[in-house]
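# Analysis of the macromolecular model
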Amino acid sequence: MTVETVTLQIAGTRLNGDLSVPDEAAGLVLFAHGSGSSRHSPRNQAVAATLNDRGFATLLLDLLTPAEDRIDAVTREHRFDIPLLARRLTGAADWLAARTTDLPIGLFGASTGAAAALITAAENPETVKAVVSRGGRPDLATSALADVRAPVLLLVGGRDDTVIQLNEEAAQQLTAPHELRVIPGATHLFPEPGALEEVGDAAADWFTRMAQAG
């Protein structure tokens, strides 16, 4: 497997990411991190490792610059700027599509990153072939939900009551094939033993369907 740090130039902004590509990759998954997180998130790194083991390339990308991160840590103004996150995620998806023309591309979004992933999927149906949300806020994708064409898997912790409700409401607006799966006993960040492993396996299975669909 090849691993490299990459810098993407998106709309005049330099964004850093970690790209891991197994030999004979079946597909590529772009991660959209959530509120106050980054490509160094141990939870998304764990999921990415599972995907790598299952033959998927992954790109864990910082959607904010270091300067924006410092501002956001105080004001939280960027983490809920879903249009900004979606524009940058779309730029990253375009970069991947140009670089890996033979691999299907999926999106894995956590928390607010899930909303950005769904908007990107809605606006780029030819590029994005599948979406997985972990503890996500798909409700923040608002009117874009009905335009998503890629199959969507919504993963929520069984003890994350508010987010379960938000995901249920968002699922009702999805017209694409979708599934809402509750991980029993898990809270919002899935710290419970085995919970994150279940997330990784479920995501890998979902993206495997994407790869098999061609």
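This text follows the structure it describes.
The rules behind each value
Along each chain, residue indices are assigned from 1 in the same order as the chain's sequence is written. Only residues with pLDDT of 70 or above have their local features reported here, since the model is predicted, and side-chain atom pairs are shown and tallied only from 80 upward, although totals for entire chains, interfaces and linings are computed over all residues. Water and hydrogen atoms were dropped before computing side-chain values, which therefore reflect all heavy atoms in the structure. Strands here mean DSSP runs of E at least two residues long; helices mean DSSP runs of H or I at least four residues long; both are numbered from the N terminus. Computation of the radius of gyration draws on C-alpha atoms, with the globule rule given as 2.2 Å multiplied by the number of residues to the power 0.38. Buried, partly exposed and exposed residues are distinguished by accessible area as a fraction of the type maximum, computed with a 1.4 Å probe on protein chains only: under 20%, between the cut-offs, and over 50%, respectively. All accessible areas in this document rest on Shrake-Rupley with a 1.4 Å probe, and a residue is counted as covered only by the protein chains that are shown. Two residue types count as positive, namely Lys and Arg, and two as negative, namely Asp and Glu; His and chain ends fall outside the count. For charged residues, the charge sits on one atom: NZ in Lys, CZ in Arg, CG in Asp, CD in Glu. We define a nonpolar core as any set of buried Ala, Val, Leu, Ile, Met, Phe, Trp, Tyr and Cys residues linked to one another through side-chain atoms lying within 4.5 Å. Two residues qualify as a contact provided that any one of their heavy atoms is within 4.5 Å of a heavy atom in the partner residue. At least two DSSP bridges between two strands are needed for those strands to be called paired. Here a salt bridge means any side-chain nitrogen of Lys or Arg lying within 4 Å of a carboxyl oxygen belonging to Asp or Glu.

## Describing the overall build of the protein
Regarding its fold elements, the protein presents 6 helices and 8 strands. Moving toward the C terminus, one meets the helices and strands of the protein in the order β-β-β-α-β-α-α-β-α-β-β-α-β-α. Computed over its C-alpha atoms, the radius of gyration of the protein comes to 15 Å, within 12% of the 17 Å expected for a compact globule of 214 residues. Sorting the 214 residues of the protein into buried and exposed places 56% on the buried side. Carbon and sulfur atoms make up 49% of the accessible area of the protein, which amounts to about 9,300 Å² in all. Put simply, the protein has 17 plus and 27 minus side-chain charges, and the middle of one group is 4 Å from the middle of the other.

## Details of the nonpolar core
Grouped together as the largest cluster of nonpolar side chains are 45 residues, with contacts concentrated most on Leu30, Leu61, Leu89, Val131 and Val148. Ranked by the residues each element gives to this core, the list is headed by helix H3 (residues 82-99), at 8 residues. When residues no more than four places from it in sequence are discounted, the contact partners of Val148 are Leu118, Ala121, Ala122, Leu174, Thr175 and Ala176. Grouped together as the second largest cluster of nonpolar side chains are 24 residues, Val132, Phe190, Leu196 and Phe207 included.

## Comments concerning the pairing of strand E3 (residues 27-32)
Extensive coverage of E3 is indicated by the burial of 6 of its 6 residues. Side chains of E3 alternate between two faces, with Gly27, Val29 and Phe31 and Leu28, Leu30 and Ala32 buried alike. By the bridge criterion, 6 bridges tie E3 to strand E4 (residues 56-61) in an arrangement that is parallel. Bridge assignment links Phe31 to a residue of E4, and that residue is Leu60. Bridge analysis of E3 against strand E5 (residues 105-110) gives 5 bridges, and the strand direction is parallel. Across the sheet, Phe31 pairs through a bridge with Phe108, a residue of E5.

## Notes on the pattern of salt bridges
Two side chains bearing opposite charge may form a pair once their charged atoms approach each other closely. Summed over the entire model, instances satisfying the criterion amount to 7 salt bridges. Where Arg54 meets Asp205, a salt bridge forms, and the shortest distance between an N and an O atom there is 2.6 Å. Taken together, the positions of Arg54 in the loop between helix H1 (42-53) and E4 and Asp205 in helix H6 (residues 195-213) put the pair 151 residues apart, joining distant regions of the chain. The class of Arg54 is partly exposed, set by a relative accessible area of 37%. Note that Arg137 and Asp139 form a salt bridge whose closest N and O atoms lie 2.8 Å from each other. One salt-bridge network, in which partners are shared between bridges, spans Asp18, Arg39 and Asp62.

Worth remembering: the numbers are spatial, not functional.
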